[in-house]
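Okay, here's what each chain looks like letter by letter:
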Amino acid sequence: MLASLRKAGSFARAVSAGQRRFLSIHEYQSVNLLNSYGVPTPISIAAKSPKEAAEAFNQVSGGNGAVIKAQVLAGGRGKGRFSNGLRGGVHVVKTAGDAEKLASQMIGSSLITKQTGADGRICNSVMLAELRKPSHEYYVAVLNDRTSEGVVLVASNQGGMNIEEVAAKDPNAIITTPIPLATGLTKETALSVAKKLGFSSERATEEAADIFINLYKIFKDKDATQIEINPLAETVDGAVLCMDAKFGFDDNAEFRQKDIFDLRDISQEEPSEVEAQKANLNFIKLDGNIGCLVNGAGLAMATMDVLSLHGGQPANFLDVGGGATPETVKKAFEILLADPKVKSIFINIFGGIMRCDYIAEGVIKATKELSLTIPLVVRLKGTKEAEAKEMIRQSGLKIIPFDALDDAAERAVQLALD
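Everything quoted here is computed from the prediction, not taken from an experiment.

Within helix 10 (residues 271-278), burial applies to S272, E273, V274 and A276. Buried residues in helix 10 make contact with strand 15 (282-285) and helix 12 (326-337). Just downstream of helix 10, N280 is the residue with a positive phi angle, here 60 degrees.

Laid out in structure tokens, this is it:
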């Protein structure tokens, strides 16, 4: 993310196509985590039914109303729209009745935002938060930074908006502070950043510095990949509060962060990706019509590029890895075939650690057992290549073999268009 702040560019396609390493949690879960570390937020309560939403309103409103927020793992909720026609996933409500009515429209419907795709994501709960009026909004994040090979604190006094747009228009508005692993974020450094942001009082500056320190503590303790607070607000009564939070956690740390990973909501994830993860397949669904099965992320990216070069569109990113078995390959086929948009399948394997004959065995098994009717283009090179090709030849199945990547990709595109 830091690179995008500096260059104000979009994320590289390779980032989105690699294996996902980021667990995301709902806003109400983020609030609970922040509060457990002493980080102040508006009083907030989650509700999973309209009745609970009305009760939550009564607990947080204090006679001043509240904010109701759809709990969906996507950005742009405020400007989104629900599948039932309701506009906006964030509303100010003045009465418990209003909260109950809006909750009944949100819960059970899908919220469509700029990040969800056309189908949106199901809203299973809402969050009611007390109304706190900000006098100024800031941005703060704790992130891993490849350039400095460490953790950085990123802050700006222009919060409450798209931070990439801020970086594009005014790069000097972004304050980036490396955090040494040996010392962590010291009070002196945190105060220095807070003073640069320009809080209105010494008390607010101290509160902001304490928030920065505790955010870093969460980041380190919980194996986070990012913590983003946007906005961090100084309210009209002088308090400093985290108004909205976005967390990401490293999937590799699941074995020691059970409490965090128990918060995972698979209803917010693409079902095919959840199924693939169970089989230890690196899979991401895309919008094209050519199913791809490849070993190695680099080769998978090259395969997608060559398909695009010939006018095709990949339906997925699928890296079976170096330890795939015939059973794993069959499972990969099941996932590919579950997508009705797939019109051809392209298998591109370079056998180093991965044996081509294992792939061939899995392909033949899947083709027979799944009654495959979609055209199948196969390119196998490397370890046990000759044996794999002979297995395919003897199978008698309609599998189209190629040696050259360019020729194979071109044929897969033609078959998808037929």
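Before going further, it helps to spend a moment on the nonpolar core. Core analysis: the biggest nonpolar cluster contains 41 residues, and L34, F199, F212, I229, L232, F247 and F249 have the highest contact counts within it. A total of 9 residues in this core trace back to one element, the largest contributor, which is helix 8 (residues 202-221). Residues contacting F199, with those up to four places away along its chain left out, are Y138, A194, A204, T205, A208, L232, E234 and V240. In this structure, F333, I349, A366 and I374 belong to the second largest nonpolar core, which totals 30 residues.

What follows covers the packing of helix 13 (residues 356-369) against helix 14 (residues 385-395). Across the interface, helix 13 lies against helix 14 with an axial gap of 7 Å and an inter-helix angle of 20 degrees. Between helix 13 and helix 14, the angle is such that the two are roughly parallel. Crossing handedness for the pair helix 13 and helix 14: right-handed. Of helix 14, the residues touching helix 13 (which contributes C356, D357, A360, E361 and I364) are E385, A388, M391, I392 and S395. When its residues are assigned to classes, the contact of helix 13 with helix 14 shows 6 nonpolar, 1 polar and 3 charged.

Here we come to the side chain of N316. Here N316 lies in strand 17 (residues 316-319). Among the polar contacts listed, one links the side chain of N316 to the backbone oxygen of C292, at a separation of 2.8 Å. If near-sequence neighbours (up to four positions away) are discounted, N316 is found in contact with F283, I284, K285, L286, I290, G291, C292, M304 and L336.

Cut-off values and rules
Residues numbered from 1 in each chain as written. Predicted model: local features only at pLDDT ≥ 70, side-chain atom pairs only at ≥ 80, totals over all residues. Heavy atoms only, no water. Buried < 20%, exposed > 50% of the residue type's maximum accessible area, 1.4 Å probe, protein only. Helix = DSSP H or I, 4+ residues; strand = E, 2+ residues; numbered from the N terminus. Contact = heavy atoms within 4.5 Å. Core = buried A, V, L, I, M, F, W, Y, C linked by side-chain atoms within 4.5 Å. Axes fitted to C-alpha atoms, helices over the stretch in contact; angles between N-to-C directions. Parallel < 35°, antiparallel > 145°, perpendicular 65-115°, else oblique. Left-handed = near helix turned anticlockwise from the far one by under 90°. Nonpolar A, V, L, I, M, F, W, Y, C, P; charged D, E, K, R; others polar. Polar contact = N/O pair within 3.5 Å; in protein donor to acceptor, adjacent residues only side chain to side chain.

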